[in-house]
Amino acid sequence: MPRPFGSVLVAMATPMTADGSLDVDGGVRLAEHLVDAGCDGLVLHGTTGESPTTTPREKDVLLRAVLEAVGERAHVLSGAGSNDTAASVEAARAAQDSGAHGLLVVTPYYSKPPQAGLLAHFRAVAGSTDLPVMVYDIPGRTGVPVGVDTLRALAEHPRVVAVKDSRNDLFAASQVMATTDLAWYSGEDALNLAHLAAGAAGVVSVVGHAAAGAYRTMVDAVDAGDLPTARAVHTRLLPVVDAIMNRTQGAASASAVAQLLGATSHRTVRLPLVALDDDEHELLRAALTEAGLL
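Residues numbered from 1 in each chain as written. Predicted model: local features only at pLDDT ≥ 70, side-chain atom pairs only at ≥ 80, totals over all residues. Heavy atoms only, no water.

The protein goes by 4-hydroxy-tetrahydrodipicolinate synthase in an unreviewed UniProt entry, where it is assigned to Pseudokineococcus lusitanus. Under the Sequence similarities (unreviewed entry) heading, UniProt states for the protein: "Belongs to the DapA family." Per UniProt, the protein has the following entry under Subcellular location (unreviewed entry): "Cytoplasm". (UniProt positions renumbered as here; feature names shortened; annotations may be inferred.)

Details of the environment of Val219
Inspection of the secondary structure puts Val219 in helix 9 (residues 208-223). Residue Val219 is classed as buried on the basis of its relative accessible area, which comes to 1%. Linking Val219 and Asn192, residues 27 residues apart in sequence, is a C-alpha distance of 9.2 Å. Those residues within four positions of Val219 in sequence are excluded, and the remaining contacts are Arg3, Ser7, Val8 and Leu196. (Helix = DSSP H or I, 4+ residues; strand = E, 2+ residues; numbered from the N terminus. Buried < 20%, exposed > 50% of the residue type's maximum accessible area, 1.4 Å probe, protein only. Contact = heavy atoms within 4.5 Å.)

Here's the deal with helix 4 (residues 115-126)
Its 12 residues place the ends of helix 4 16 Å apart at the C-alpha level, agreeing with the 16 Å of an ideal helix rising 1.5 Å per residue. Within the span of helix 4, buried status applies to Leu118, Leu119, His121, Phe122, Val125 and Ala126. Axial view of helix 4: buried residues confined to an arc of 165°, hence all on one face. (Expected span 1.5 Å × (residues − 1). Arc of directions from axis to C-beta.)

Written out as structure tokens, the structure reads:
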């Protein structure tokens, strides 16, 4: 199957200092930790990376630092999506200038465009650089799903090569995988095993901050036809997925995980997000410890 961006990607948090400033050194440490742990791809400046509250300058600085640190060992994608097509094109070109290996382009949010608008938006961004594009479908945040026919049309674009699926519609995913060459990536940790079993190329994971090595085992087991091993990993990680994804906002949980693992110094996030309080932090620590990840 095509794996243009690897198979175990982490939607990386953007580390902050105690006062909320960008922590570039922390970003480098986190990227190195994740690649050492088993991931072969990093997605910067997505939802988990707090893209709405980081500046273009901050995105450029962190992207360049991470590329220098791990760019020869992992695929490094940069988020370039917004609800403004012109701004998305500008962000895509900036990411190419910074050396990104690919782009994550989310469905335009808030505006709720029709499918024709989505198609035109993705084509405009994909046509603005030479970088391969991963379409990010997350209607729970954007209000609009990317339709199956729209994805089939996008698959004809030479630079649209992958989809991050946070739509949680396994049947629609199978329809697209069966009729296009798009590489499919699970964007919902609770459904990673289901997507892989249906033929997905890999995962773009938030829980991977704690479990990149475990997801590497899961992907390799599915590739080898060893479903019992993959299912055992899935079962072991259920409390961790719940702790990171369901108890509070994912970006805040990911930042806390990075701190617990010693990859970063703080769990700070920017408003309107708030960091985990001490009780939430201890519950997260307990879940990671129980799963043998801490």
